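Coordinate inspection notes
Here is how the chains run, residue by residue.
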Amino acid sequence: MELIYRYDPYQPVVIQHPDTPEEAVTTLMSGNRRLVSMIDRMQKASLDGNGVGASEVIPVDLVSMGLPFIRGAALDQAPFALVLGCSDARVPIESVFDQSFNDLFAIRIAGNVLGTECIGSVDYAVRNFGKSLQAIVVVGHTGCGAVTAAVDTYLSPTAFTNIALTHPLRTLVDRIMIAVRAAANAFDRCFGHEFHKHPQYRAALIHAAVYLNAAIAAFDLQREARSAMAANVKAYYGVCDIGTMLVRDQPPLVPTSDPHLSLAPKDAASFMTLANEIVTAVVTLLDAEV
Ligand SMILES: [Zn+2]
């Protein structure tokens, strides 16, 4: 199987720039679909040996890739989406959404939490890239180390005093703790306190908290962006499953290769409904494993 990046200098350049939040999100989801589909084809080619001789041509050109067309002529910065993601090396934002240079204003911090410095970056982007910026997105990921640390601190506070006594770690864990508590409360509401004894409770809590942490960050991000003069900006959230690289707003109950990003919950009641849906999905998947 050959992957060919082909530049044809005589091919007309088509620049597609999203003009609405919906178009921006569709562009991101299409990019994620391309990545997931490419991974799938390469895995099939390696495992089944049926990719021999197959090839795929990916047309490239400097302008649509967001790179300078003339040496030394820097382009104006014009991202169509602001994306807050985790620093985890397995989830580089541009690659997850198959986007190019100058497409995304990316903020990456462990646990994709919205700290003070991040808010400054959001404010800068919203004020300076208002013409091009159409959507803001938070993307968490499964198996997140920062969320895992928050869950372990929640479950055994005394065993993790090293986190409590380390200020930088504590600030990170404190921000994620809201999502962990929300997940734990939702498990209690939907499955009763007895569910704490389930052998997979810790794993379930981590899985649910990852989704809720992204949803909470999107809610906060939308509020911050709107206060920075962008009254109509919409924030979305999703979680990248590092086993498939597919981005979804909830754990998928059936195998799928369709990405999905959702709008941030609009208030406390919709957040609680979302928490119930996510823990129910997590437990359904646990039951399916048995
Ligand atoms: Zn992470």
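Below you will find a few notes about this structure. Note that the coordinates shown come from a computational prediction; the quantities given were computed from them, not determined experimentally.

So, on to the nonpolar core. The biggest cluster of nonpolar side chains holds 74 residues, and the ones touching the most others in it are Val-137, Ala-183, Ala-208, Ala-209, Leu-212 and Ala-218. It is helix H7 (residues 201-227) that contributes the most residues to this core, 16 residues altogether. Residue contacts for Ala-183: discarding those within four places in its chain leaves Leu-205, Ala-208, Ala-209, Leu-212, Ala-275 and Val-279.

Turning our attention to the packing of helix H3 (residues 116-128) against H7. Each packed pair of helices is defined by two parameters, the angle between the axes and the distance between the axes. As a packed pair, H3 and H7 sit with axes 9 Å apart at the nearest point and diverge in direction by 50°. In terms of orientation, H3 and H7 fall into the oblique class. Here the hand of the crossing between H3 and H7 comes out right-handed. Here Ile-119, Val-122 and Val-126 of H3 lie close against H7, whose contacting residues are Leu-221, Glu-224 and Ala-225. For the contact of H3 with H7, the per-class residue count stands at five nonpolar, no polar and one charged.

With that out of the way, let us pick up H3. A rise of 1.5 Å per residue sets the reference length of H3, with its 13 residues, at 18 Å; its end C-alpha atoms lie 19 Å apart and thus fit the reference within 8%. When we look at burial in H3, the residues that qualify are Val-122, Ala-125 and Val-126. Projected onto a plane normal to the axis of H3, the buried residues spread over an arc of 95° and lie on a single side. Projecting away from the buried face of H3 at angles above 90 degrees are the exposed residues Thr-116, Glu-117, Gly-120 and Asn-128. Residues of H3 that are buried sit in contact with strand S3 (81-85), strand S4 (104-108) and H7.

Rules of the game
Every residue gets a number counted from 1 within its own chain, in the order that chain's sequence is written. Confidence filtering applies because this is a predicted model: local features only for residues at pLDDT of at least 70, side-chain atom pairs given and counted only at 80 or more, and all residues used for totals across whole chains, interfaces and linings. Note on terminology: a nonpolar core is any set of buried Ala, Val, Leu, Ile, Met, Phe, Trp, Tyr and Cys residues joined through C-beta atoms within 7 Å. Residues are called buried when their C-beta atom has 20 or more other C-beta atoms within 10 Å, exposed when it has 12 or fewer, and partly exposed otherwise; all C-beta atoms are positioned from the backbone. Put simply, DSSP marks the helices as runs of H or I at least four residues long and the strands as runs of E at least two long, and each gets a number from the N terminus on. Two residues form a contact once the distance between their C-beta atoms, set from the backbone, is within 7 Å. Lines are fitted to the C-alpha atoms to define the axes, a helix being fitted only along its stretch in contact, and any angle between axes, read from their N-to-C directions, falls within 0 to 180 degrees. Should an angle fall under 35 degrees it is taken as roughly parallel, and over 145 as roughly antiparallel, whereas 65 to 115 is taken as roughly perpendicular and any remaining angle as oblique. We call a crossing left-handed when the near helix sits turned anticlockwise from the far one by less than a right angle, and right-handed when that turn is clockwise. Residues are grouped as follows: nonpolar covers Ala, Val, Leu, Ile, Met, Phe, Trp, Tyr, Cys and Pro; charged covers Asp, Glu, Lys and Arg; every other residue, Gly included, is treated as polar. To estimate the expected span of a helix, subtract one from its residue number and multiply by 1.5 Å. The arc in question is traced by the directions running from the helix axis to the C-beta atoms.

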